[in-house]
Amino acid sequence: MRLKNRIGLLLLMIMLLFGLTGCQRAEMSVFDPAGPVAKMQLSIIMISIYIMSGIFVVAMGILVYVLIRYRSRRGQNQPPKQVEGSWVLELIWIVIPIILLGILVVPTVTSAFVLDEKPAGPNVLNVKVKASQFWWQFEYPDLGIVTAQELHIPTGTKVNLQLETTDVMHSFWVPRLAGKTDLIPGRTNTMWIQADQPGQFQGKCAEYCGASHGVMDFLVVAEEPQQFQAWVNKMKNQQVKPASELAAEGEKLFAQNCASCHAVAGTNYKGTLGPDLTGFAERSKVAGVLENNEENLRKWIADPAAIKPDSKMPRLPLNEKQISAVTAFLRSLK
Ligand code: CUA
């Protein structure tokens, strides 16, 4: 290969290295843990990385040494001396991996037991997580609250999650708080999370579940306990008052078209097939993926399949004016 081509290839490789490893958004990084579960899991990841890096350096070092030391030289036709059945070598490559695996196994098994233990006590918050193609429901059985797409939790508190699915397999993943746990039809899996500081943590479905798997996003909103309590009180004492004439018109349309699937606390709308819309205007996302503003909400209502293919949300027979009305009603749910 000519020198120019070699340099070109090298540059391409470097670009690919940065391009491919840069895919992950920082908000989805396991290297930036925000709670004890993620921290414990990161320490295991780091041990593996250190061990693998060590093996890589040693193996590549030997390879480079051998390539140089035993390269073919001018005037030399004999292959180098062959080694066969050396028990010293065999012992080395049996004993070293056993030691390395031992170093990996101890923290892995210890953490597995710690993380498997279900937190108990008065300070633990229980949440039932229900996944459906392609959205998430969060129910707080002890608080009498149901919400969707955004899981509110108080900081410094262990949160028990009971994970169930209504259809196919999904996987609950909030990289900065904890590793993945699958939601499997017919069984309840459990895990716990805790956020040490307030913040918003991006979550994703991590098990292929259909056409809109890639946009089955959710958010964990961690707040100081006081703020969390304020949110709970607000959710429990919802008073739905359409803010304008247009919104009142929208509520009528909502009752006719949407209420069989969607619930709103403080009203007679109790549908359970789709996400609960209590306090919808306070959420940061529409359908879990688009920024929550008027334009995106209109887009979503006008053509859900354009944003989430195969979503159960139908395209409703609403004209522009009616979409404006429903949008105004939803944006008054605070
Ligand atoms: Cu749900 Cu992928």
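Residues numbered from 1 in each chain as written. Predicted model: local features only at pLDDT ≥ 70, side-chain atom pairs only at ≥ 80, totals over all residues. Heavy atoms only, no water.

### Observations regarding helix 4 (residues 225–236)
Over its twelve residues, helix 4 runs 16 Å from end to end, which matches the ideal 16 Å to within 8%, given 1.5 Å per residue. Restricting attention to buried positions, one finds in helix 4 the residues Phe228, Trp231, Val232 and Met235. One face of helix 4 carries all of its buried residues, which in axial projection span an arc of 100°. Buried residues belonging to helix 4 abut strand 1 (125–132), strand 2 (135–140), strand 3 (145–148), strand 4 (150–154) and strand 10 (217–223). (Helix = DSSP H or I, 4+ residues; strand = E, 2+ residues; numbered from the N terminus. Expected span 1.5 Å × (residues − 1). Buried < 20%, exposed > 50% of the residue type's maximum accessible area, 1.4 Å probe, protein only. Arc of directions from axis to C-beta. Contact = heavy atoms within 4.5 Å.)

### Quick look at the packing of helix 6 (residues 294–302) against helix 8 (residues 320–330)
Helix 8 packs onto helix 6 with a crossing angle of 120° between their chain directions and a minimal axis gap of 10 Å. Classified by the interaxial angle, the pair formed by helix 6 and helix 8 is oblique. Crossing handedness for the pair helix 6 and helix 8: right-handed. Along the contact surface, helix 6 presents Glu294, Leu297, Arg298, Ile301 and Ala302, while helix 8 presents Glu320, Ile323, Ser324, Val326, Thr327 and Leu330. (Axes fitted to C-alpha atoms, helices over the stretch in contact; angles between N-to-C directions. Parallel < 35°, antiparallel > 145°, perpendicular 65-115°, else oblique. Left-handed = near helix turned anticlockwise from the far one by under 90°.)

### Comments concerning the confidence of the model for the chain
On average, residues of the chain score 92 in pLDDT, and 98% of them are at 70 or above. Here helix 1 (residues 3–21) stands out as the element of the chain with the lowest mean pLDDT, 81, in contrast to strand 6 (residues 170–174), whose mean of 98 is the highest. (pLDDT = per-residue confidence, 0-100.)

### A short note on the pattern of salt bridges
The full count for this structure, using the stated rule, is six salt bridges. Note that Lys39 is salt-bridged to Asp196, the shortest N-O span being 3.0 Å. Pair noted here: Lys39 is in helix 2 (residues 36–69) and Asp196 is in the loop between strand 8 (189–193) and strand 9 (199–205), with a separation of 157 residues, a long-range link. Accessibility expressed as a relative area gives 43% for Lys39, which makes it partly exposed. (Salt bridge = Lys/Arg side-chain N within 4 Å of Asp/Glu carboxyl O.)

### Concerning the domain arrangement of the chain
For interface size, the figure often reported is the accessible area lost on association. Here the chain is partitioned into domain 1 (125–236) and domain 2 (245–330). Computed over C-alpha atoms, the centres of domain 1 and domain 2 are 21 Å apart. Each side of the interface is counted separately: domain 1 has 17 residues, and domain 2 has 19 residues. Here domain 1 and domain 2 share an interface that buries about 1,500 Å² over both sides, 50% of which is from carbon and sulfur atoms. Seen at the junction of domain 1 and domain 2, the total is one salt bridge. (Domains from an automatic or database assignment. Buried area = accessible area lost by both parts, 1.4 Å probe.)

### As for the packing of helix 2 against helix 3 (residues 87–116)
Here helix 2 crosses helix 3 at 170°, and the two axes come no closer than 10 Å. It follows from the interaxial angle that helix 2 and helix 3 lie roughly antiparallel. For the pair helix 2 and helix 3, contact is made by Val37, Met40, Gln41, Ile44, Ile47, Ser48, Ile51 and Ile55 and by Leu100, Ile103, Leu104, Pro107, Thr108, Ser111, Val114 and Leu115, respectively. Partitioned by chemical class, the residues of the contact of helix 2 with helix 3 number twelve nonpolar, four polar and no charged. (Nonpolar A, V, L, I, M, F, W, Y, C, P; charged D, E, K, R; others polar.)

### What about the state of the cysteines?
Throughout the structure, instances matching the rule amount to zero disulfides. The thiol of Cys261 is unpaired, and the distance to the nearest cysteine sulfur, on Cys258, comes to 8.6 Å. (Disulfide = S-S within 2.5 Å.)

### What to know about the sheet that holds strand 2
If you walk across this open sheet you meet the five strands as 3-2-1-5-8, and the pairing is mixed. At either margin of the open sheet sits one strand with a lone partner, and together these are strand 3 and strand 8. Taken pair by pair, the neighbouring strands of this sheet meet at an average axis angle of 25°, ignoring direction. Pairing of strand 2 with strand 3 involves four bridges; the strand directions are antiparallel. Note that in strand 3 the partner of Glu139 across the bridge is Val146. Contacting strand 1, strand 2 and strand 3, helix 4 runs over the sheet at an angle of about 100° to strand 3. (Pairing = 2+ DSSP bridges.)

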